Amino acid sequence: MTVIDENGTRHQVAPQVFEDLQARGLIWFDGQDHRIREGDTDMFLRVWLAVCDFCMARPVCWDADVASFTIADAMTFSDGHTGPYVSRGGWACCEACGALIAANDRDGLLNRHVSRAELGEAMRPILAVLHRRFWQHYRSIRRILPKLP
Ligand SMILES: [Zn+2]
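Residues numbered from 1 in each chain as written. Predicted model: local features only at pLDDT ≥ 70, side-chain atom pairs only at ≥ 80, totals over all residues.

J.: Mind showing me how you'd approach unusual backbone geometry here?
T.: Note that the residue after R58, namely P59, is joined by a cis bond; omega there is -10°. Here P59 is to be found in the loop between helix 2 (38–49) and strand 5 (60–66). Phi at N104 is positive, roughly 55°, even though this residue is not glycine. For N104, the position within the fold is in the loop between helix 3 (95–102) and helix 4 (106–116). (Helix = DSSP H or I, 4+ residues; strand = E, 2+ residues; numbered from the N terminus.)

Spelled out as structure tokens, the structure:
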């Protein structure tokens, strides 16, 4: 699908992305073309190119403000170097994970994360530690994509 912003820039959008943004009222039809506000194009790239830092779902609907913290003191990375693994800055959250955080439903968030982790229940002890550290450094959460009607 093609959408055109007010500067005339054409953006190619996957059908799923198009439907989601249209449902949220961010895309409209002017009788000839589908239109999006230029200011919303940054947002749709951000929310649809990113995945939830918890469960990897798209789109990203919430932005959690979290102080940087060390996840692991020593980790071997894919390039072979070893060092601390640090969470820097905010966490991107999908609709479901963000709503659980906003409701302070810590068990619900962990259960959702475990249920969507590739190794399932085997990951619970590791994810529980990660979540405990997340909540220790969590400050606030704000919605960045309008809620579906
Ligand atoms: Zn999520």
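What follows continues from the structure just given.
J.: Help me understand the environment of S115 in this model?
T.: If you trace the backbone, S115 turns up in helix 4. Judged by local crowding, S115 falls into the exposed class, with 11 C-beta atoms found within 10 Å. A sequence separation of 59 residues divides S115 from M56, and the C-alpha atoms of the two residues are 12 Å apart. (Buried ≥ 20, exposed ≤ 12 C-beta atoms within 10 Å, placed from the backbone.)

J.: In this structure, what is going on with the sheet that holds strand 5? I would like to understand it.
T.: The strands making up a sheet are joined through hydrogen bonds of the backbone, oriented either antiparallel or parallel. Spatial ordering of the open sheet is given by 8-5-9, a layout of three strands whose pairing is antiparallel. Each of the sheet's edge strands pairs with one partner strand only, and the pair in question is strand 8 (91–94) and strand 9 (138–143). Each neighbouring strand pair of the sheet contributes to a mean axis angle of 30°, computed without reference to strand direction. Bridge count between strand 5 and strand 9: five bridges; the pairing is antiparallel. Across the sheet, V66 pairs through a bridge with Y138, a residue of strand 9. Against the sheet, helix 3 contacts strand 5, strand 8 and strand 9, and its axis sits at roughly 110° relative to strand 8. (Pairing = 2+ DSSP bridges. Axes fitted to C-alpha atoms, helices over the stretch in contact; angles between N-to-C directions. Contact = placed C-beta atoms within 7 Å.)

J.: Sorry, what's going on with the pairing of strand 8 here?
T.: Within a regular strand, side chains alternate between the sheet's two faces. Burial of strand 8 is two-sided: the residues W91 and C93 facing one way and the residues A92 and C94 facing the other way are all buried. Here four bridges tie strand 5 to strand 8, and the two strands are oriented antiparallel to one another. Counterpart to W62 in the pairing with strand 8 is C93.

J.: I keep staring at the environment of R124 and nothing clicks. Help me out?
T.: Relative to the helices and strands, R124 resides in helix 5 (residues 124–137). A residue is classified by how many C-beta atoms lie within 10 Å of it, and R124, with 17 of them, is partly exposed. Here the alpha-carbon distance between R124 and I71, two residues 53 residues apart in the chain, equals 15 Å.

J.: Is there a simple way to explain the nonpolar core in this structure?
T.: Across soluble globular proteins, nonpolar side chains show a tendency to be buried alongside one another. Ranked by internal contacts, the top residues of the largest apolar core, which has 28 residues, are C52, V60, C61, A64, C93, C97 and I101. Elements represented by at least two residues in this core include exactly helix 1 (15–23), helix 2, strand 5, strand 8, helix 3 and helix 4. Sort the elements by how many residues they give to this core and strand 5 lands first, with five residues. Residue assignment places this core across two domains, with domain 1 (1–49) and domain 2 (51–149) each supplying three or more. For I101, the contacting residues outside a window of four places in its chain are A64, C93, L109 and I141. (Core = buried A, V, L, I, M, F, W, Y, C linked by C-beta atoms within 7 Å. Domains from an automatic or database assignment.)

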